[in-house]
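# Secondary and tertiary structure notes
Each chain is listed here by its residues.
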Amino acid sequence: MIFYFCTMNYKQLVEQIKLKKSFLCIGLDTDIEKIPKHLLDLEDPIFEFNKQIIDATKDLCVAYKPNIAFYESM
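Structure report, in brief. (Residues numbered from 1 in each chain as written. Predicted model: local features only at pLDDT ≥ 70, side-chain atom pairs only at ≥ 80, totals over all residues. Heavy atoms only, no water.)

Because side chains alternate across strand β1 (residues 25-28), one face comprises the buried residues Ile26 and Leu28, and the other comprises Cys25 and Gly27, none of which is buried. Pairing analysis gives 4 bridges linking β1 to strand β2 (residues 63-66), with the strands arranged parallel. The partner of Leu28 across the bridge, within β2, is Pro66. Handedness of the β1-helix α2 (residues 45-57)-β2 crossover: right-handed. (Buried < 20%, exposed > 50% of the residue type's maximum accessible area, 1.4 Å probe, protein only. Helix = DSSP H or I, 4+ residues; strand = E, 2+ residues; numbered from the N terminus. Pairing = 2+ DSSP bridges. Right-handed = clockwise from strand over helix to strand, strands pointing away.)

Given below as C-alpha cells:
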C-alpha cells in the first residue's frame, strides 16, 4: 500500500475552509474486517475503500487524517 501525503500551509487550509464552508476532517481508520466484502477481491482493498471515502466527501471535507496505527500492522 502506498500513501501519498499532501501538505498544505495555513493559508491554503483557510482557503479550503472558506471555499467549502466546512471544518470537516475525516479520519481514515480503516479496519480490514469492516471493509465491504465486494472490495476484498481487489488488489488493494484498503486503498480502494479509502479512495471511495475521499471521492464521496472531497467537496465537503478540508482534510483527511490517516490513522497510522491501523496501517503499521500491515
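Most peptide bonds take the trans form, and the phi angle of most residues other than glycine is negative. For Lys21, which is not glycine, the phi torsion reads 50 degrees and is therefore positive. Examined against the element boundaries, Lys21 turns out to sit in the loop between α1 (10-20) and β1. The exposure class of Lys21 is exposed, given its relative accessible area of 78%.

Another aspect to go through is the pattern of salt bridges. Pairing between side chains of opposite charge can happen when the charged atoms of each approach one another. What the rule picks out here adds up to 1 salt bridge. Here Asp55 ties to Lys51 by a salt bridge, and the two come within 2.8 Å at their closest N and O atoms. You can see Asp55 and its partner Lys51 sitting in helix α2, 4 residues apart, about one turn around the helix. Overall, the relative accessible area of 37% leaves Asp55 in the partly exposed class. (Salt bridge = Lys/Arg side-chain N within 4 Å of Asp/Glu carboxyl O.)

The next subject is the nonpolar core. Counting 7 residues, the largest nonpolar core consists of Ile26, Leu28, Ile35, Leu39, Ile46, Cys61 and Tyr71. Once residues lying within four places of it in the same chain are set aside, the contact partners of Leu28 are Asn50, Ile53, Ile54, Tyr64, Lys65, Pro66, Asn67 and Tyr71. (Core = buried A, V, L, I, M, F, W, Y, C linked by side-chain atoms within 4.5 Å. Contact = heavy atoms within 4.5 Å.)

A few words on α2. Between its first and last C-alpha, α2 extends 18 Å over 13 residues, near the 18 Å set by a 1.5 Å rise per residue. All of the buried residues in α2 are Pro45, Ile46, Asn50 and Thr57. Summarising the axial view, the buried residues of α2 lie within an arc of 135 degrees, below the 170-degree limit, and thus occupy one face. In this fold, the buried residues of α2 make contact with β1, β2 and α3 (68-72). (Expected span 1.5 Å × (residues − 1). Arc of directions from axis to C-beta.)

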